Every structure is written in structure tokens, then in C-alpha cells.
Amino acid sequence: MFFVQINHTGKGFLFLIFREIKLRKYSSLHKLFYGLTIGEALKKLRQSLGLTQAQMIKGSKISITHYSKMEKGQNRIFVDDLMLILQLHKISPSSFFKKYFSTKDDIIFSKISQELNRSFYNNDIKKAKNLKKQISSTKYVSTELKDRADLIIAILSSKDDNTIAITQAMHDFFKYKNWMADDNAITLLSNSIRKDNLKDVTPLVMMLIRKYKKLSDQNLTKQRRLATVGINYLYVLRKYFANSDNIAFKILSWLETLETDPELCLYKELILYFHFIYTDKDQAMLIKRLLKLSGYIKISDNLPE
């Protein structure tokens, strides 16, 4: 694993949606528990995007008058309307609810996930093991988070084969029936790509490419998740199978459809690096130095040449 991916989706998001949308009279109770109504959250989202109400609903059939009342809690909010507004601005429902309606458990899981990610980049195996104990003693934690902790500990322990952790992770991966639509499954796949299973993983990556032909059509969270699969695949491919140019360029061609957005800057730089490592090594080395100067020391040092 080169570029560790995190994932956290709260279990209460759909409940929150229907709690708000089913009847408007529940709005005050929802606000009591979560601090905001859906309408107020939409307003905060719109303001954070720097949009007018007209711009917020552009591309939908919702009138400005109706939308204004939605924000004020005076009109019922239907599921289809909410999903369309979020889709128009490439925002996933999970990220919307996570930002404005995180429960106590959501916050705890998110913090553990981020600290686990940090322990990987800081080579802090002691921290990773402590987090693993915390994960094991926490109820309702996702299988993906448990597997990620095992994978990170195996890597930091210098166990190159990672056999036990990888076997368990892939066993859990194949439990997902519709895995290409499941964020946890995609995250698990991206964190499980290794030299020994690359041949088996390749058809799965090709399936993702066929399903998500143009990455920029997805919201930013989905783009990050899918791009991590491609980047980790290229890392293993270049490090252990340096002459596999054809498949490398197929992956690169897909990754180059990633949207040009400040939030995806690191991903774009890594994609450029892998492009140049096959076409212009001097340019690749410049990117590698730039990453190190920017503070991405472990990522820079681990880039295969």
C-alpha cells in the first residue's frame, strides 16, 4: 500500500434524510438533536459555495420561491429534490450529512480513521497498534476500518507479504455483493493492492474503469476514492513490474479524467509523476522533489523509479 485511503460513512444518514423529509413537523425535533434542519444545512452549504439561491437550483425544476421556503423550513423537502441539488454540485449525500449532522459515533469513527491514516504516514506502529485496540473495543465500527488497521500494522512491521492481513481484507471485500457501488468495498480494494495479488486485482480495476469511464462526472469524494485505486495500482505495477507499459497507460488515461480542482491537487501531481516516469524521467524527478519540499516526504521517498 502506497497511498492509504480512508473512508467513513455514518449509519444515520438515511435515517436523517427521511426524518426530515417525511413530515415537516419533525423539523424542530430534528434540530433539537442535531442543531440544524435540512433546510438550514442547505443554506449553509449554499453560502459555503458562494452561490445565490438561483444558482443553487440551476439545472433543476425547483422554483426560487419554493427553494427559499425549503431553506426556511416552510416547505417540505422531498428526497428527489435534495438528491438532485447535491448531485448538481457534485456533493455526495454522505459528505453532506457528515459535515452538517455528524453524530457522536460518526465523530469518533472519523477521528480514529484520520489518526490511523496519520500513523501510517508517520511510520508510527505503536500508535497504529493502540488504534487497533481502540477499534476492536468499539461497537459498530466498519469492517473496512478493522481491515485497514491490520494492513497498516502489517506494513509498518516490515512484513512485505502481509499475507494474513491481505487474505482477510480480500475475504471481506468479496462479501460485498454490489462492490463497485459500495464506498467501503472500493476503499478496501485500494488499500489491498499488492505484488502477489496484482494479477487477481487487475480485472477488478478494469471493471471500475468501465463503470466510471470519466472520473470528473463523479463528486469529489468519489473521485478521490477511485483515483486512489488507480494510483496504488500504478505504484505496485511500476515497483515490481516495470515493463508493463500498456496497462500502465490504460490506467493513466483513466486517471487523467480526474477533475482539475484544488482538493485533488496531490492526486493530479501523483498522476503526472507516474505519467512522466514512463515518458520523461527528468520531469518525474522534479515532481518527486516538489512533493518532498511540500512536506509529502514519505510519499516522495516511496515513489518507484
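Above this text sits the structure in question.
Residues numbered from 1 in each chain as written. Predicted model: local features only at pLDDT ≥ 70, side-chain atom pairs only at ≥ 80, totals over all residues. Heavy atoms only, no water.

### Description of the overall build of the chain
- In terms of regular secondary structure, the chain is built from 18 helices and zero strands.
- Within the chain, the proportion of its 305 residues that are buried is 47%.
- If you take every contact in the chain between residues at least 6 apart in sequence, the share linking residues at least 24 apart comes to 66%.
- A total of about 15900 Å² of accessible surface is found on the chain, and carbon and sulfur atoms cover 53% of it. (Helix = DSSP H or I, 4+ residues; strand = E, 2+ residues; numbered from the N terminus. Buried < 20%, exposed > 50% of the residue type's maximum accessible area, 1.4 Å probe, protein only. Contact = heavy atoms within 4.5 Å. Areas by Shrake-Rupley, 256 points an atom, 1.4 Å probe, with all protein chains shown as cover.)

### Things to note about the nonpolar core
- Counting 54 residues, the largest nonpolar core has Leu208, Leu255 and Phe274 as its most contacted members.
- Elements that contribute at least two residues to this core include exactly α10 (143-156), α11 (163-173), α12 (183-190), α13 (198-211), α14 (220-240), α15 (245-255), α16 (265-279) and α17 (281-293).
- Sorting elements by how many residues they give to this core places α14 first, with ten residues.
- Once residues within four sequence positions are removed from consideration, leucine 208 is found in contact with Trp179, Met180, Ile186, Leu189, Leu226, Val229 and Trp254. (Core = buried A, V, L, I, M, F, W, Y, C linked by side-chain atoms within 4.5 Å.)

### A closer look at the packing of aromatic side chains
- Inspection of every chain in the model, using the stated rule, returns five aromatic pairs.
- When the ring centre of tyrosine 278 is taken as origin, the NZ or CZ atom of arginine 238, which lies over that ring, is 4.8 Å away. (Phe/Tyr/Trp six-rings, centres within 6.5 Å; stacked < 30°, edge-to-face > 60°. Lys NZ or Arg CZ within 6 Å of the ring centre and 35° of its normal.)

### With respect to the environment of lysine 90
- Structurally, lysine 90 can be placed in the loop between α6 (79-88) and α7 (93-101).
- Residue class for lysine 90 comes out partly exposed when judged on its relative accessible area of 34%.
- Along the backbone, lysine 90 and lysine 222 are 132 residues apart, and their C-alpha atoms lie at a distance of 9.4 Å.
- In this structure, lysine 90 is in contact with Ser216, Gln218, Asn219, Leu220 and Glu259, ignoring residues within four places of it in sequence.

### Digging into a positive patch on the surface
- Residues Lys43, Lys44, Lys69 and Lys72 make up a contiguous surface patch of positive charge.
- When residues of the positive patch are traced back to their parent elements, those giving at least two are α3 (38-49) and α5 (64-72).
- Tracing the backbone shows lysine 43 in helix α3. (Patch = residues over 30% accessible without salt bridge, like charges linked within 9 Å, V, L, I, M, F, W, Y side chains within 5 Å. Salt bridge = Lys/Arg side-chain N within 4 Å of Asp/Glu carboxyl O. Lys, Arg positive; Asp, Glu negative; His and termini not counted. Charge placed at Lys NZ, Arg CZ, Asp CG, Glu CD.)

### Observations regarding α10
- Compared with the 20 Å implied by 1.5 Å per residue over 14 residues, the 20 Å span of α10 between its first and last C-alpha is a close match.
- Of all 14 residues in α10, ten are buried, a share of seventy percent or more.
- Taken as a whole, α10 has its buried residues at Glu144, Leu145, Asp147, Arg148, Ala149, Leu151, Ile152, Ile153, Ala154 and Leu156.
- The first or second residue beyond α10 is serine 158, which carries a positive phi of 65°. (Expected span 1.5 Å × (residues − 1).)

### Some words on the side chain of serine 119
- Of note, serine 119 is situated in helix α8 (residues 104-121).
- Of the residues examined, serine 119 reaches a relative accessible area of 2% and is grouped as buried.
- Here serine 119 is in contact with Asp124, Lys127, Ala128, Ile152 and Leu156, once residues within four sequence places are set aside.

Honestly, that's just the spatial picture; any functional story needs more than this.
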